[in-house]
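# Structural overview
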Amino acid sequence: MLRVLHLLAEKGKLMQVWTIEATQSVLDAVRLMAEKHIGALPVMQGEQLIGIITERDYARKIILHGKSSADTQVQEIMTTEVLTVRPDDTVHFCMQMMTEKRFRHMPVMDHDKLIGMISIGDLVKAVIDEQQQTIAQLERYIAG
Ligand code: AMP
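A tally of regular secondary structure across the protein chain gives 6 helices and 5 strands. Each helix (α) and strand (β) of the protein chain, taken in turn from the N terminus, gives the series α-β-α-β-β-α-α-α-β-β-α. Projected onto the principal axes, the alpha-carbon positions of the protein chain cover approximately 65 × 30 × 30 Å. Counting over 144 residues, the protein chain shows a buried share of 35%. Look at the contacts in the protein chain between residues 6 or more apart in sequence, and 55% of them connect residues 24 or more apart. When the accessible area of the protein chain is evaluated, it comes to approximately 9400 Å², of which 52% is carbon and sulfur surface. Charge-centre separation for the protein chain: the mean point of 16 positive side chains lies 3 Å from the mean point of 19 negative side chains.

Below, the structure is given as C-alpha cells:
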C-alpha cells in the first residue's frame, strides 16, 4: 500500500522544505511561493510548526479585503490549526483528509519534526503511477 514515505522518497531525499516565519510579511511569503513554484508554506517558530499559509489565504484574506501584503504579517492570515500527516500514513488516508477538509497541502511530521510537504498534486500523481503499474501488470498477464 502506497504511503507518504514513498512519496517523499520519490520527491528526493534532499528535497528542501521551504518555510516562513510568522512575523515575516505576506509579500515575503508570496514571493517565496512564486520563486519556488509552490502553493503553501509551513509557518515555523524555530523548529516548531505553528501554522500554514497558502495562495488561497492570500487571495481570500489579502486581495479580497484590499489589504496590503507588504504591511500584513504572515501570522495575521495563517491557519493555526494545522492538519499534518505522518510518513507511515497511506496516500488514501491523505486524499480523504484533503477532500474532507477542502485543502490541498499537508506538512509531514516525523514526531515533532517537519520532514516534508505533500500536495494534492503529489497524491494524484502517486495514484496514477500506481494504477498504470497495475494496468501494465494485467496486460502482461493477459498477453501470457
Ligand atoms: P489550500 O487548498 O491548501 O490552498 O488551503 C485552503 C485553506 O486551508 C487555507 O486557508 C489554508 O491555510 C488551509 N490549509 C491548507 N493546508 C492545511 C493543513 N494541512 N491544515 C490546516 N489548514 C490548511
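Counting 14 residues, the largest nonpolar core has Ile20, Ala29, Leu41, Val43, Ile53 and Val74 as its most contacted members. Only helix H2 (26-36), strand S2 (40-45), strand S3 (48-54) and helix H4 (74-77) provide two or more residues apiece to this core. Residue contributions to this core peak at 4 residues, all from H2. Those residues within four positions of Ala29 in sequence are excluded, and the remaining contacts are Ile20, Leu41, Ile53 and Val74. Core analysis: the second largest hydrophobic core is formed by 13 residues, Leu7, Met97, Met106 and Leu123 among them.

Further remarks concern the packing of helix H5 (residues 91-101) against helix H6 (residues 120-143). Contact pair H5 / H6: the axes reach a minimum separation of 10 Å and the direction vectors enclose 140°. Taken together, the axis directions place H5 and H6 in an arrangement best described as oblique. The element H5 and its partner H6 pack so that their crossing is left-handed. Note on element contacts: H6 touches H5 through Ile120, Leu123, Val124 and Val127, opposite Val91, Cys94, Met95 and Met98.

What follows is about the pattern of salt bridges. Evaluation of the coordinates by the stated rule reveals 7 salt bridges. One continuous salt-bridge network, built from bridges that share partners, spans Glu10, Lys125 and Asp129.

With that settled, consider the sheet that holds S3. Taken in spatial order, the 3 strands make up an open sheet running S1-S2-S3, and their pairing is mixed. The sheet is open, and its two borders are formed by strand S1 (20-21) and S3, each paired with just one other strand. Of the pairings in the sheet, the one linking S1 to S2 comprises 2 bridges and is parallel in character. Residue pairing in the sheet places Ile20 in a bridge with Val43 of S2. Seen against the sheet, H2 touches S1, S2 and S3 and runs at an angle of roughly 130° to S2.

What counts, and where the lines are drawn
Residues numbered from 1 in each chain as written. Predicted model: local features only at pLDDT ≥ 70, side-chain atom pairs only at ≥ 80, totals over all residues. Heavy atoms only, no water. Helix = DSSP H or I, 4+ residues; strand = E, 2+ residues; numbered from the N terminus. Buried < 20%, exposed > 50% of the residue type's maximum accessible area, 1.4 Å probe, protein only. Contact = heavy atoms within 4.5 Å. Areas by Shrake-Rupley, 256 points an atom, 1.4 Å probe, with all protein chains shown as cover. Lys, Arg positive; Asp, Glu negative; His and termini not counted. Charge placed at Lys NZ, Arg CZ, Asp CG, Glu CD. Core = buried A, V, L, I, M, F, W, Y, C linked by side-chain atoms within 4.5 Å. Axes fitted to C-alpha atoms, helices over the stretch in contact; angles between N-to-C directions. Parallel < 35°, antiparallel > 145°, perpendicular 65-115°, else oblique. Left-handed = near helix turned anticlockwise from the far one by under 90°. Salt bridge = Lys/Arg side-chain N within 4 Å of Asp/Glu carboxyl O. Pairing = 2+ DSSP bridges.

Scope: geometric values only; no functional claims are made or implied.
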